Amino acid sequence: MIGLISATAAGAAARDRLAAAWPERTRVYEGPVRDAVRAAFAECEQLVCFLAAGAVVRLVAPLLEDKATDPGVVCVDEGGRFAVSLVGGHGGGANELAGEVGELLGATPVVTTATDAVGVPGLDTLGMPVEGDVAGVSRALLDGEPVALHAELAWPLPPLPVSAEGSYTIRLSDRLTDPAEHEVVLRPPSLVVGVGASKGAPVDEVLELVEGALRDAGLSAKSLAELATVDAKAGEPGIVEAAARLVVPLVTYSAEELAKVEVPNPSDAPLAAVGTPSVAEAAALVRGGELLVPKRKSARADGHASMATCAVVRRPGRGRLAVVGLGPGARDLVTPRATAELRRASVLVGLDQYVDQIRDLLRPGTLILESGLGAEEERARTAVAEARKGQAVALIGSGDAGVYAMASPALAEASDDIDVIGVPGVTAALAAGAILGAPLGHDHVSISLSDLHTPWEVIERRVRAAAEADLVVTFYNPRSRGRDWQLPKALAILAGHREAGTPVGVVRNASRPDESSQVTDLASLDPATVDMMTVVTVGNTATREIAGRMVTPRGYRWQEDAK
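Values in this document were obtained by computation on a predicted structure and should not be read as measured data.

Definitions and cut-offs
Residues numbered from 1 in each chain as written. Predicted model: local features only at pLDDT ≥ 70, side-chain atom pairs only at ≥ 80, totals over all residues. Heavy atoms only, no water. Helix = DSSP H or I, 4+ residues; strand = E, 2+ residues; numbered from the N terminus. Buried < 20%, exposed > 50% of the residue type's maximum accessible area, 1.4 Å probe, protein only. Contact = heavy atoms within 4.5 Å. Expected span 1.5 Å × (residues − 1). Arc of directions from axis to C-beta. Core = buried A, V, L, I, M, F, W, Y, C linked by side-chain atoms within 4.5 Å. Disulfide = S-S within 2.5 Å. Polar contact = N/O pair within 3.5 Å; in protein donor to acceptor, adjacent residues only side chain to side chain. Pairing = 2+ DSSP bridges. Right-handed = clockwise from strand over helix to strand, strands pointing away. Axes fitted to C-alpha atoms, helices over the stretch in contact; angles between N-to-C directions. Parallel < 35°, antiparallel > 145°, perpendicular 65-115°, else oblique. Left-handed = near helix turned anticlockwise from the far one by under 90°. Nonpolar A, V, L, I, M, F, W, Y, C, P; charged D, E, K, R; others polar. Phe/Tyr/Trp six-rings, centres within 6.5 Å; stacked < 30°, edge-to-face > 60°. Salt bridge = Lys/Arg side-chain N within 4 Å of Asp/Glu carboxyl O.

Moving on, we get to the overall build of the protein chain. Check the secondary structure of the protein chain and you find 19 helices and 28 strands. By principal-axis analysis of the C-alpha atoms, the protein chain measures approximately 90 × 65 × 55 Å. In the protein chain, which comprises 563 residues, the share counted as buried stands at 47%. Sequence separation of 24 or more characterises 64% of the internal contacts of the protein chain that already satisfy a separation of 6 or more.

Laid out in structure tokens, this is it:
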């Protein structure tokens, strides 16, 4: 929950805007400011104070205890010009919150955390536990001193300015090891513990078994990602409470799924009880990995029979491929999610001219693999190959990467051994439509006129179908020096089904500095004015030009009223 505190009418107005935008996330604290801050500090994960920075400093200073547990505090001036991350930039999420508040209120986020200021990821913001000399290693990264990365297993980390050797070290490990001097240890969530238990198994017995298995194998409990068991044990109190105490999710699988997993130690007892010859080993291995600790039973001091079993598996870090749409070209049409993925990626793959558009958004140390026009399939293969190495990869395309762009060839190459994340972008059709007015107000279709990958016979059949269905049509790749007859042919097909005065919108370089646009009609459009940087949108029989804008009504009532 985010506590909102203000002292003046101006501050309250901005406060209420946040409260209205985030009703489920925020709580307004009224009354004397000192009491409101104290109450919010005790009850909320974050605070936004619409007060002078000095006042907020004095109010929260007596309340601060530990950077790991104190709420993040953002201060917004009463003019709404700046959103300052004041306390808890990383641990309390104030840096991210300042950006969100700034975006909503039109304020400039102010972040002074050193790593954020220079674009280096904070070691405590990587989504995994970190131990050791965090301050010292972070300072070395900031000062440009050589910092070595020793990764004992592959994991998709963001870009870090590291070298092969150095007097400071970042170690990625799930082993139970203490950090050395000038070293931090990152604990990736690589370990899965499968658990089986008899009805009524005490939580202490389950917990002691799990913790003992990890400790005896020399593994860190901080790298535990989840407990896993069979569906029939999803509500077993001892297992449920053990997962809660370990602060990991409890994941369950059907007996049918587990029965298909080959295990070294099957047993008739679980087969009779829940329908699978293995629970602990099978639940740990069902999604693959290396069995580090075979099934072991709990030991009871009272001499009674064991009531719990467990097995430990190390799952390899899965590479991460984000397919990112950059929009039509304008920087303010690059979505915040796209920006976040670009900054998270340790490897960027893309067309050289698209890379140039967003190079400044990348973190220092990002590996850039760029190539020229015509190498789409090669880029897709490269991106997937890098992800399979365990890297965090961003593959970029213009507009929406899933529309005539890189998502299709990339996903054709990818299998289920990597994670794939799609990041939508503003398409050329949408950008052009916004410039033209509202041409896409009713059913519409996009058709590429490029016959490099699709036979013209197929394209022509699709154009005819769109014409007969009275769909608004947006043509991508309409004309180039080597393909100058396809657009006239397509327009002629449409002209056979709609009036010569049907509005046609032509937009070149939508959202870019040299953007140009016009609204004309089917009879007047000169195809020679169109090139590959142009999007052509042809209206349907209901589309009209109003005040120089293309408008397609949401229904056909307009057309009926005109009769």
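There's more to say after this.
Take unusual backbone geometry next. For His182, which is not glycine, the phi torsion reads 60° and is therefore positive. When you line up the elements, His182 lands in the loop between strand E9 (168-172) and strand E10 (183-186). With relative accessibility at 32%, the residue His182 sits in the partly exposed group. Of note, the phi angle at Tyr404 is positive, near 50°, even though the residue is not glycine.

Next up on the list: helix H1 (residues 9-21). Between its terminal C-alpha atoms H1 stretches 18 Å, which fits the 18 Å expected from 13 residues at 1.5 Å a residue. Considered for burial, the residues of H1 that qualify are Gly11, Ala12, Ala14, Arg15, Leu18 and Ala19. All buried residues of H1 lie within an arc of 165° about the axis, which places them on one face of the element. Away from the buried face of H1 by more than 90 degrees, exposed residues Ala9 and Ala20 are located. Packing partners of the buried residues in H1 comprise strand E1 (2-6), strand E2 (26-28), strand E3 (46-50) and helix H4 (94-105).

When we look at burial in helix H6 (residues 134-143), the residues that qualify are Gly136, Val137, Ser138, Ala140 and Leu141. Where the residues of H6 are buried, they touch strand E8 (147-151), E9 and E10. Downstream of H6 by a residue or two, Gly144 has a phi angle that is positive, lying close to 80°.

Here we come to the nonpolar core. By size, the foremost hydrophobic cluster in this structure holds 25 residues, and its most contacted members are Val193, Val210 and Leu227. Elements with a contribution of two residues or more to this core: strand E11 (191-197), helix H7 (203-216), strand E12 (224-230), helix H8 (237-246) and strand E15 (308-314). The leading source of residues in this core is H7, at seven residues. Aside from chain neighbours lying at most four places away, what touches Leu227 is Val193, Val195, Val210, Ile239, Ala242, Ala243, Leu246, Val248, Pro249, Leu250 and Val251.

What follows is about the state of the cysteines. Tallied over the entire structure, the rule returns zero disulfides. Free cysteine Cys44: the closest other cysteine sulfur is in Cys49, separated by 10 Å. Owing to a relative accessible area of 7%, Cys44 belongs among the buried residues under this scheme.

Okay, the side chain of Thr474 next. Within the secondary structure, Thr474 sits in strand E23 (residues 472-476). By relative accessible area, which is 1% here, Thr474 ends up buried. Polar contacts involving the side chain of Thr474 include one to the side chain of Thr537, which spans 3.2 Å. Aside from chain neighbours lying at most four places away, what touches Thr474 is Ala429, Leu440, Val445, Ser446, Ile447, Val535, Val536 and Thr537.

It is worth spelling out the pairing of strand E17 (residues 347-351) at this point. The buried count for E17 comes to five of five residues, which makes it a mostly enclosed element. Where E17 lies against strand E18 (residues 367-371), five bridges are found, and the strand directions are parallel. Within E18, the residue paired with Val347 across the bridge is Leu367. Note on the crossover from E17 through helix H13 (residues 352-358) to E18: the handedness is right-handed.

With that out of the way, let us pick up the packing of helix H17 (residues 456-468) against helix H18 (residues 486-495). Contact pair H17 / H18: the axes reach a minimum separation of 9 Å and the direction vectors enclose 30°. Classified by the angle their axes make, H17 and H18 are roughly parallel. The way H17 lies across H18 gives a crossing that is right-handed. Touching Trp456, Glu460, Val463, Arg464 and Ala467 of H17 are Gln486, Lys489, Ala490, Ile493 and Leu494, all from H18. Class assignment for the residues of the contact of H17 with H18 results in six nonpolar, one polar and three charged.

This structure, assessed with the given rule, holds two aromatic pairs. Taking the centre distance of 4.8 Å and the plane angle of 55° together, the rings of Tyr404 and Tyr476 count as tilted. Placement of the pair is Tyr404 in the loop between strand E19 (392-397) and helix H15 (407-413) and Tyr476 in strand E23, with a sequence separation of 72 residues. A relative accessible area of 43% places Tyr404 in the partly exposed class. With relative accessibility at 10%, the residue Tyr476 sits in the buried group. An angle of 70° between the planes, with centres 5.1 Å apart, marks the rings of Trp456 and Trp485 as edge-to-face. Placement of Trp456 in helix H17 and of Trp485 in the loop between E23 and H18 is noted, with a sequence separation of 29 residues between them.

Moving on: the sheet that holds strand E16 (residues 320-325). The five strands are arranged E18-E17-E19-E16-E20 in an open sheet whose pairing can be described as parallel. What marks the edges here is a single partner per strand, and that holds for E18 and strand E20 (419-423). Within the sheet, the average angular offset between the axes of one strand and its neighbour, ignoring direction, is 15°. Summarising the sheet, E17 and E19 pair through three bridges and their orientation is parallel.

With that settled, consider the pattern of salt bridges. One pass over the structure, following the stated rule, counts 29 salt bridges. The salt bridge involving Arg314 is made with Asp174; its shortest N-O contact spans 2.8 Å. In this pair, Arg314 is assigned in strand E15 and Asp174 in the loop between E9 and E10, connecting sequence segments 140 residues apart. For Glu236, the salt bridge goes to Lys233, with nearest N and O atoms at 3.9 Å. Note on Glu236: relative accessible area 9%, which makes it buried.

Take the sheet that holds strand E25 (residues 516-521) next. Spatial strand order, E22-E23-E26-E24-E25: five strands in an open sheet with mixed pairing. The open sheet has two edge strands with one neighbour each: strand E22 (444-448) and E25. Averaged over neighbouring strand pairs, the angle between their axes works out to 20° when direction is ignored. As judged from the five bridges shared by E22 and E23, these two strands associate in the parallel manner. Among the inter-strand pairings, Ile447 is bridged to a residue of E23, identified as Phe475. Those strands touched by helix H16 (residues 428-436) are E22, E23, strand E24 (503-508), E25 and strand E26 (534-538), and its axis lies near 115° from that of E24. Its contacts with the sheet put H17 on E22 and E23, and the angle it makes with E22 is roughly 160°.

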